[in-house]
Structures are given as structure tokens and as C-alpha cells.
Amino acid sequence: MDQYDVVIIGGGPGGYVAAIRCAQLGLRTACVDNWRNKQGKPALGGACLNVGCIPSKALLDSSHHYHQIQHELAAHGIKVQGATMDVPAMIARKDGIVHTLTDGIALLFAKHKIDWLQGHGQLLGNNQVEVIPPDAAGKRDEKNRHTVAAKNIIIATGSVSAPHPLAAVDGNLIVDSTGALEFAETPKRLGIIGAGVIAVELGSVWRRLGAQVEMLARGNAFLPRVEEQLAAEAYRLFTAQGLSIRLGAQIKQVRTSKKQVTLVYEDKEGEHKLTLDRLLVATGRQPNTTGLNADGAGIKLDEQGFIAVDEHCRTSLPGIYAIGDVVRGPMLAHKASEEGIAVAERIAGQRSEVSYTTIPWVIYTSPEIAWVGKTSQELRADGVDFREGMFPFSANGRARALGEAHGMVKILADARTDRILGAHILGPQASEMIAEAVTAMEFHASAEDIARTTHAHPTLSEAFREAALAVDRRAIHR
Ligand code: FAD
Ligand code: NAI
């Protein structure tokens, strides 16, 4: 039986990053992963690289270019006539990016001498993992099951789309996010159950390519995790882009015919019927412990089915850790990776920790939404006395030059100490700008620290500094 220092189950951004860090630290490492790509071939990178972060951003970028040509470039004096969209070419480009990146992880594994055990991993107890490889047809090759032993095991099995009781995914008319990355043509009417992160990102992709998008949100608040002033402005901007967002919508019935989906929902105005070409179910994701035998091996799960862990990702069994989407906390690739690094370093005897209070969020719409730390609604609920500084991109020279002057930056600082408690950006390149806020918070910066830091001119990041100045009511350009 092969003996390792560490066996990782799952090769997503949690598992593969943990594997690389373990190998860097001199630990003999194997990573068991059962992902199959569109061609039925094993591929590393998990949901993030194959059907998540990367492909969704590729389609967001392609559709953004098309939208700019159609609606925005004329203002720059660029006149384009007869631009058309080749959806299969866009999907092929996305697939190419995914292949390059997933193949890159395989190369990194080879470079670091990490054993990639292709197949399904199952916990056996006694720090052993059984690997069931696929046969030539991709089915479980039961005859070639084999067992590996490890001093430490890291579970990084990720998450899967949550099912909806009335809208079973058929991969054709009713899809989850994976299906919505693969449409061969732009649907005329795309319905989306949910109005969360996947709904607004993938809804934007297909809206920009011409689909009529109908988003149905169960709750009455739009993007409730987002700073409320920014969520309200995003709602206004997205609605103006043609995304129909119906709040407080209860799904009553979903029926499919040969080519269409009929959906009945109820809101405060009564019952409504929609006829759709495609329906995307985007009602959240759930932890993936299918076939892992966590229970059988004696590992505790919490009430929602996540593997229960402490602040160092230790499960209820010694030597077994769990990271990423399969444990509590935000379901984000960078959170999974940070946990993977911290666990690898703890196994190697270091005292690493994850800074859970400074994990940034980004929603890659246009404009983008990014934030770190607390929102004002959370601070009010916690009874924290805070001051806020807001600066609009309409008063930022670079945003005006770009022609993307929507949105704002908001900084929330402790009223007594001035320490930054939260930073919120709705605007161009918010995904890149948020890194400054994360760094500032990691270094326990005050709003005054940012206000006294020189930012290059003309840049979008000047809006961040102006928001810090605005905390003390001394923004220059407002
Ligand atoms: P996963 O990436 O889910 O990887 C788990 C791996 O384990 C998979 O390869 C799976 O096949 C394998 N596995 C599971 N069980 C077993 C088993 N028993 N044996 C062997 N292998 C097993 N996050 C961001 O931060 N930014 C984004 O822009 C972003 N965009 C997203 C867009 C979409 C459409 C979706 C769906 C998600 C997006 N996410 C994004 C979320 C991100 O993909 C996840 O947070 C991230 O992939 C979690 O990483 P993980 O390593 O925990 O799990
Ligand atoms: P989400 O939690 O963001 O949104 C779910 C939506 O579905 C909400 O509007 C909710 O009210 C609604 N909903 C839930 N159950 C419902 C039901 N039964 N009927 C009707 N509506 C219902 O989840 P989403 O968009 O599916 O994304 C899953 C996760 O993937 C995100 O939470 C995030 O962690 C990750 N992700 C991250 C991205 C990023 O970082 N940019 C992009 C895409 C996904």
C-alpha cells in the first residue's frame, strides 16, 4: 500500500493549492480527484477552473466586448456596422482557456512530484483512502480499487448546485450554471430562479448577447449581502441594462414541453405565467460529500451537511482536515485556497491562520461589485458606532475618460479609532481595486492612513482615497 504524508481528496482551488503547498514543504503528497471534463477526460481545477470562476469570466469578457461594440464604442467615435455574435466561437474560446489552465495544474503537479490519483476517493478510517479509478468508458472501475495510507488527509470535495424541488435540471431546457455556460445559441427568453451571484453574472452574459432575461428572486431584498446603498444602485443599473429582476417571487409550477418551459410564480400582485426558451436554476450551492463515507469514517457533519471544522479546519477526527466549499464560510475559490495553504503549513508544523474577516467578495457584473469587511447594515445590527465616507465615480477623472462613471466607493470606519471596518465598491475594475482595501484592513489601517497615501493621477483608485477623505468630510473633488 502506498504511504503518503498527505492525501487530499478533491483537486479544486482548495485541494490543488493545498497539494502544491504540501509538496513545497517537503511532504509526500497525493491528490485524488474524480473530475471529468467535457471530453470525458480527467481534469484538475475542480468547479472553479472547469465550470465556475474561469469560464464564467471568459463569457463575461466576450459578451462585454460585444455589448461595447453594439452600444458604447460609438461615443468614442468608433462606428462598427453589422457586428454579429458567433456563440459557438465564444464557447470554444472559453473551452480553450479552461484547457490551458487545467493542463497547467497538471504540469504544476508533475513539477512538484505530486501524485494525481484519478478517480473517486472514499474514506476508510485508520487514515486510509480508497481510490476507485474510472474505466475506459469513464465508469467506476471496481476491479481496480486500491487503497492508500496517509498520516494526514485533507477533504476538499467542494460543492454542487442546489436542486430546486419544482425545476429538475434536464441539461437541455432547464439547466444549472454549468449548462448556462454551454448554450449553443442565445436563448430568446431566459428565466432564472434566484437573483444571487450566478444569476446576475450569467444573466448579464446572455442579456448582453440579446436574451430577454427574467430573474425571479424569492426574497424581497436584492443582493442582501451587499452594502445596501450599492445594492440599490446596482438594482437600478442592472434593470436599466434590461435585466428584469422580480423580487418576492414564489415559484408555483414549472412545466416543460418539447421546446419551452412554462413557469408560474406568485408575488404581491398575484399569479403570473412566463413562457421561456431556457430556465437557469441558480438557488445556491450545497456541500459535496456524496460517496465520501464521511459518516462511516466517523467525521461529524453540521446541520446543513457541511463537514464540521474548527477555526484551523480540523474535523472531529485527528489528522483529518476539511477546506473550501465543503466547510462553513463563503463559497469562494480564494477562501478555499487560503484554507489549503494554512492547513498544509500547520501539517508541516507552522502556525498559519486564515484571516476570515478580510476575505474579499467580487461580483463580475458591469459595473463590478466588490467588498471586504462589514456592511453598514451589519455594523448597525452589531451596535457598532461608525462613520462612512462615500465618493461617486462620476467625480473621478479616469472613470469619466473610460466612459464608465457609474457607482461609488464607500468606506466604513470605527467612529472612535478610525480603523477601517468595511470597504465597498460598485464601479469599473472594482475587482482589482478591492485588493487595496484588503491590504489596508490586513494592516489594521485607519481611513486617515488611506487619506494620507498618494494615489497616482488619473486612476480609479483615487476614488478609494477620496472615500477615505470623505470619512472625515474632506473629500477634495466633492
Ligand atoms: P471544487 O472546486 O468544487 O473542487 C472539488 C473537487 O473535488 C472537484 O474536482 C470534484 O470533482 C472533486 N471531488 C469531489 N468529491 C470527490 C471524491 N469523493 N473523490 C475524488 N474527487 C472528488 N468563486 C470565486 O472566488 N470567484 C468567482 O468568480 C467564482 N465564480 C463562480 C462561478 C460559477 C458559475 C460557480 C458555479 C462558482 C463560482 N465560484 C467563484 C465558486 C468557486 O468555484 C468555488 O468556491 C470553488 O471552486 C471551491 O473550491 P473547492 O476546492 O472547495 O471545491
Ligand atoms: P446565491 O446564494 O448567491 O443566490 C441564490 C439565490 O437563489 C438568492 O437570490 C436566493 O434568494 C434564491 N433562492 C434560494 N433558494 C430558492 C428557492 N427555493 N426558490 C427561489 N429562489 C431561491 O447562490 P448562487 O447564485 O447559486 O451562487 C452559488 C455560490 O457560488 C455563491 O454564493 C458564491 O459562493 C459562488 N459564486 C461566486 C461567484 C463570484 O465570486 N463572483 C460567482 C458565482 C458563484
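Only a predicted model underlies this, so the values are computations on that prediction, with no experimental measurement involved.

### Some points on the site of ligand 1
Then comes step 1: Neighbouring ligand 1 are 38 residues, the closest being G14, D33, N34, K57 and G121.
Then comes step 2: Within the contact set of ligand 1, an oxygen atom lies 2.8 Å away from a backbone nitrogen or oxygen of G14.
Then comes step 3: In this structure, a nitrogen atom belonging to ligand 1 sits 3.5 Å away from a main-chain N or O atom of C53.
Then comes step 4: Protein contacts shield 94% of the accessible area of ligand 1, which totals 1,000 Å² for the unbound molecule.

### Description of the nonpolar core
Then comes step 1: The biggest cluster of nonpolar side chains holds 47 residues, and the ones touching the most others in it are W206 and I369.
Then comes step 2: Once you skip the residues sitting within four places of it in the chain, W206 turns out to touch V87, M90, A180, F183, E185, T186, P187, L190, A211 and V213.
Then comes step 3: Membership of the second largest hydrophobic core comes to 33 residues, among which are A423, A437, A451 and L469.

### Some points on the site of ligand 2
Then comes step 1: Surveying the vicinity of ligand 2 reveals 20 residues, the closest of which are I198, E201, G284, M331 and V362.
Then comes step 2: Between H164 and ligand 2, the recorded distance is 3.5 Å, taken from a side-chain N or O atom to a nitrogen atom.
Then comes step 3: One of the backbone nitrogen or oxygen atoms of A282 is found 3.4 Å away from an oxygen atom of ligand 2.
Then comes step 4: Considered on its own, ligand 2 offers 840 Å² of accessible surface; in the complex 79% of this is hidden by protein.
Then comes step 5: Secondary-structure elements contributing two or more residues to the shell around ligand 2 are α6 (197-208) and β18 (361-363).
Then comes step 6: Per element, the largest residue contribution to the shell around ligand 2 is three residues, and it comes from α6.
Then comes step 7: Here the shell around ligand 2 is built from residues that sort into ten nonpolar, five polar and five charged.

### Thoughts on empty space enclosed by the protein
Then comes step 1: Considering all chains together, one arrives at one cavity of 30 Å³ or more under this definition.
Then comes step 2: When its volume is computed, the largest cavity comes out at roughly 50 Å³.
Then comes step 3: In terms of lining, the largest cavity is formed by E311, H312, C313, E339, A342, V343, R346, S352, E353 and V354.

### A look at unusual backbone geometry
Then comes step 1: A cis amide bond links S366 to the next residue, P367, at an omega of 0°.
Then comes step 2: Within the fold, P367 resides in the loop between β18 and β19 (368-373).
Then comes step 3: A cis amide bond links H457 with the next residue in sequence, P458, at an omega value of -5°.
Then comes step 4: Mapped onto the secondary structure, P458 falls in the loop between α12 (447-451) and α13 (462-471).
Then comes step 5: At N127, a residue that is not glycine, the phi angle is positive and equals roughly 55°.
Then comes step 6: Mapped onto the secondary structure, N127 falls in the loop between β4 (120-125) and β5 (128-132).
Then comes step 7: The exposure class assigned to N127 is partly exposed, which follows from its relative accessible area of 22%.
Then comes step 8: The residue N293 is not glycine, and still its phi comes out positive at about 60°.

### Brief notes about the packing of aromatic side chains
Then comes step 1: Applying the stated rule across the entire model yields four aromatic pairs.
Then comes step 2: Note on F183 and W206: the rings are 5.2 Å apart at their centroids and 55° apart in plane angle, and the pair reads as tilted. Pair noted here: F183 is in the loop between α5 (177-180) and β9 (189-193) and W206 is in helix α6, with a separation of 23 residues, a long-range link. When sorted by exposure, F183 lands in the same class as W206, which is buried.

### Some thoughts on the side chain of N37
Then comes step 1: Looking at where N37 falls in the secondary structure, it is placed in the loop between β2 (29-33) and α2 (46-51).
Then comes step 2: In terms of polar contacts, N37 uses its side chain to reach the backbone amide nitrogen of Q39, at 3.0 Å.
Then comes step 3: Aside from chain neighbours lying at most four places away, what touches N37 is A43, N50 and H99.

### Some details on the layout of surface pockets
Then comes step 1: Taken as a whole, the second largest pocket holds about 870 Å³ of empty space.
Then comes step 2: Lining the second largest pocket are 28 residues, and of these H64, E72, Q241, S366 and P367 sit closest to its centre.
Then comes step 3: Mapped by element, the contributors of at least two residues to the lining of the second largest pocket are α3 (53-72), α6, α7 (228-240) and α11 (430-442).
Then comes step 4: Take the lining of the second largest pocket: its biggest share by element is eight residues, from α3.
Then comes step 5: Within the lining of the second largest pocket, the residues separate by chemical class into seven nonpolar, 13 polar and eight charged.

### Some remarks on the sheet that holds strand β14 (residues 270-276)
Then comes step 1: Spatial strand order, β12-β13-β14: three strands in an open sheet with antiparallel pairing. Of all the strands in the sheet, the pair left with one neighbour each is β12 (250-256) and β14. Between one strand and the next, the sheet's axes are offset by a mean angle of 15°, whatever the strand orientation.
Then comes step 2: In the sheet, strand β13 (residues 261-267) pairs with β14 via seven bridges, with the strands oriented antiparallel. Paired with L263 across the strands is L274, a residue of β14.

### Some remarks on the sheet that holds strand β11 (residues 243-246)
Then comes step 1: Within the open sheet, the five strands sit side by side as β8-β15-β9-β10-β11. Their pairing is parallel. Of all the strands in the sheet, just β8 (174-175) and β11 have a single pairing partner and so form its edges.
Then comes step 2: In terms of strand pairing, β8 meets strand β15 (residues 278-281) through two bridges, oriented parallel. Bridge pairing in β15 places I174 opposite L279.
Then comes step 3: Most of the contacts of α6 go to strand β10 (residues 212-216), to which it runs at about 165°, and overall it touches β9, β10, β11 and β15.

### Description of the domain arrangement of the protein
Then comes step 1: Its domain assignment divides the protein into domain 1 (2-160 + 286-354), domain 2 (174-283) and domain 3 (358-471).
Then comes step 2: When each unit is reduced to the centre of its C-alpha atoms, the spacing between domain 1 and domain 2 is 28 Å.
Then comes step 3: For the pair domain 1 and domain 2, the two sides together bury roughly 1,300 Å², of which 67% comes from carbon and sulfur.
Then comes step 4: In terms of surface lost to domain 2, no three residues of domain 1 exceed V51, L60 and V87, which account for 34% of the buried area on that side.
Then comes step 5: Residues E182 and K94 are paired through a salt bridge, measuring 2.6 Å at the closest nitrogen-oxygen approach.
Then comes step 6: Our enumeration of links across domain 1 and domain 2 arrives at six residue pairs in polar contact (both at pLDDT 80 or more).
Then comes step 7: Looking at the side of domain 1 that touches domain 2, the elements with two or more residues in it are α3 and α4 (87-111).
Then comes step 8: For the side of domain 1 that touches domain 2, the leading source of residues is α3, giving nine residues.

Cut-offs used in this document
Residues numbered from 1 in each chain as written. Chains lettered and ligands numbered in written order. Predicted model: local features only at pLDDT ≥ 70, side-chain atom pairs only at ≥ 80, totals over all residues. Heavy atoms only, no water. Near = heavy atom within 4 Å. Polar contact = N/O pair within 3.5 Å; in protein donor to acceptor, adjacent residues only side chain to side chain. Areas by Shrake-Rupley, 256 points an atom, 1.4 Å probe, with all protein chains shown as cover. Core = buried A, V, L, I, M, F, W, Y, C linked by side-chain atoms within 4.5 Å. Buried < 20%, exposed > 50% of the residue type's maximum accessible area, 1.4 Å probe, protein only. Contact = heavy atoms within 4.5 Å. Helix = DSSP H or I, 4+ residues; strand = E, 2+ residues; numbered from the N terminus. Nonpolar A, V, L, I, M, F, W, Y, C, P; charged D, E, K, R; others polar. 1 Å grid on protein atoms, 1.4 Å probe; cavity = no way out; pocket = protein on both sides within 12 Å on 5 of 7 lines; lining within 4 Å. Points joined across faces, edges and corners; volume = space filled by probe spheres on them. Phe/Tyr/Trp six-rings, centres within 6.5 Å; stacked < 30°, edge-to-face > 60°. Pairing = 2+ DSSP bridges. Axes fitted to C-alpha atoms, helices over the stretch in contact; angles between N-to-C directions. Domains from an automatic or database assignment. Buried area = accessible area lost by both parts, 1.4 Å probe. Salt bridge = Lys/Arg side-chain N within 4 Å of Asp/Glu carboxyl O.

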